[in-house]
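Tertiary structure, described
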Amino acid sequence: MKLFTPPMPCRELVELVTAYLDGSLPRRDRRRFEAHIAGCEHCTTYVEQMRETIELTGRLTEDDLDPDARDELLSAFRGWSEGRSGS
Ligand SMILES: [Zn+2]
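Given the structure is predicted, the values throughout are model-derived calculations rather than measurements. (Residues numbered from 1 in each chain as written. Predicted model: local features only at pLDDT ≥ 70, side-chain atom pairs only at ≥ 80, totals over all residues. Heavy atoms only, no water.)

What follows concerns the coordination of the zinc ion. Geometry reference: four tetrahedral donors at a metal, ideal angle 109.5 degrees. Six octahedral donors, ideal angles 90 or 180 degrees. Distances from the zinc ion to its protein donors, Cys 10 (SG), His 36 (NE2), Cys 40 (SG) and Cys 43 (SG), fall at 1.9 to 2.3 Å. Metal-centred angles of 106 to 113° between the four donor atoms at the zinc ion mark the site as tetrahedral. Linear spacing of the donor residues for the zinc ion on their chain is C-x25-H-x3-C-x2-C. Here Cys 10, found in helix 1 (residues 10–22), pairs with His 36, found in helix 2 (residues 27–39); they are 26 residues apart in sequence, far enough to count as distant. Overall, Cys 10 belongs to the buried group, its relative accessible area being 14%. The exposure class assigned to His 36 is buried, which follows from its relative accessible area of 14%. (Donors = N, O, S within 2.8 Å, 3.2 Å for Na, K, Ca; no water. Tetrahedral: all angles 85-135°; square planar, octahedral: opposite > 155°, others 65-115°. Helix = DSSP H or I, 4+ residues; strand = E, 2+ residues; numbered from the N terminus. Buried < 20%, exposed > 50% of the residue type's maximum accessible area, 1.4 Å probe, protein only.)

Structure representation (structure tokens):
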């Protein structure tokens, strides 16, 4: 049985990274998450940075995410994808 799994945008991945790393992400989303990072260098780096942060602090909550830093990251993602798709 093949379930339809829509592609996960970078923005959604950033929202889900904490759930992914603490293991609370549902299997279906986890699969989409892993499919995304397999093809997205930006998000692979982001996930690795988050993983290191968790290893250093022991845990990671939404409160640990600096909103400004996240906005910057999302801007970087946006510019990156536009740079790829634009000609
Ligand atoms: Zn991505």
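It is worth spelling out the nonpolar core at this point. Grouped together as the largest cluster of nonpolar side chains are 18 residues, with contacts concentrated most on Leu 13, Phe 33, Ile 37, Tyr 46 and Val 47. Secondary-structure elements contributing two or more residues to this core are helix 1, helix 2, helix 3 (41–57) and helix 4 (67–85). Those residues in contact with Ile 37 that sit more than four places away from it in its chain are Leu 13, Tyr 20, Cys 43, Thr 44 and Val 47. (Core = buried A, V, L, I, M, F, W, Y, C linked by side-chain atoms within 4.5 Å. Contact = heavy atoms within 4.5 Å.)

Right, let's talk about the packing of aromatic side chains for a bit. Counted by the stated rule, this structure contains one aromatic pair. On the basis of an interplanar angle of 10° and a centroid distance of 4.0 Å, the ring pair of Tyr 20 and Phe 33 is categorised as stacked. With Tyr 20 in helix 1 and Phe 33 in helix 2, this residue pair connects regions lying 13 residues apart in the sequence. Of the two residues, Tyr 20 and Phe 33, both sit in the buried class. (Phe/Tyr/Trp six-rings, centres within 6.5 Å; stacked < 30°, edge-to-face > 60°.)

As a further point, take the confidence of the model for the protein. Residues of the protein with pLDDT of at least 70 account for 70%, and the chain-wide mean is 80. When mean pLDDT is compared element by element in the protein, helix 2 scores highest at 94, while helix 4 scores lowest at 66. (pLDDT = per-residue confidence, 0-100.)

With that settled, consider the environment of Asp 22. With respect to the element layout, Asp 22 can be found in helix 1. Residue class for Asp 22 comes out exposed when judged on its relative accessible area of 51%. Separated by 32 residues in the primary sequence, Asp 22 and Ile 54 have C-alpha atoms spaced 9.1 Å apart. Of the polar contacts made by the side chain of Asp 22, one reaches the side chain of Ser 24; its length is 2.8 Å. (Polar contact = N/O pair within 3.5 Å; in protein donor to acceptor, adjacent residues only side chain to side chain.)

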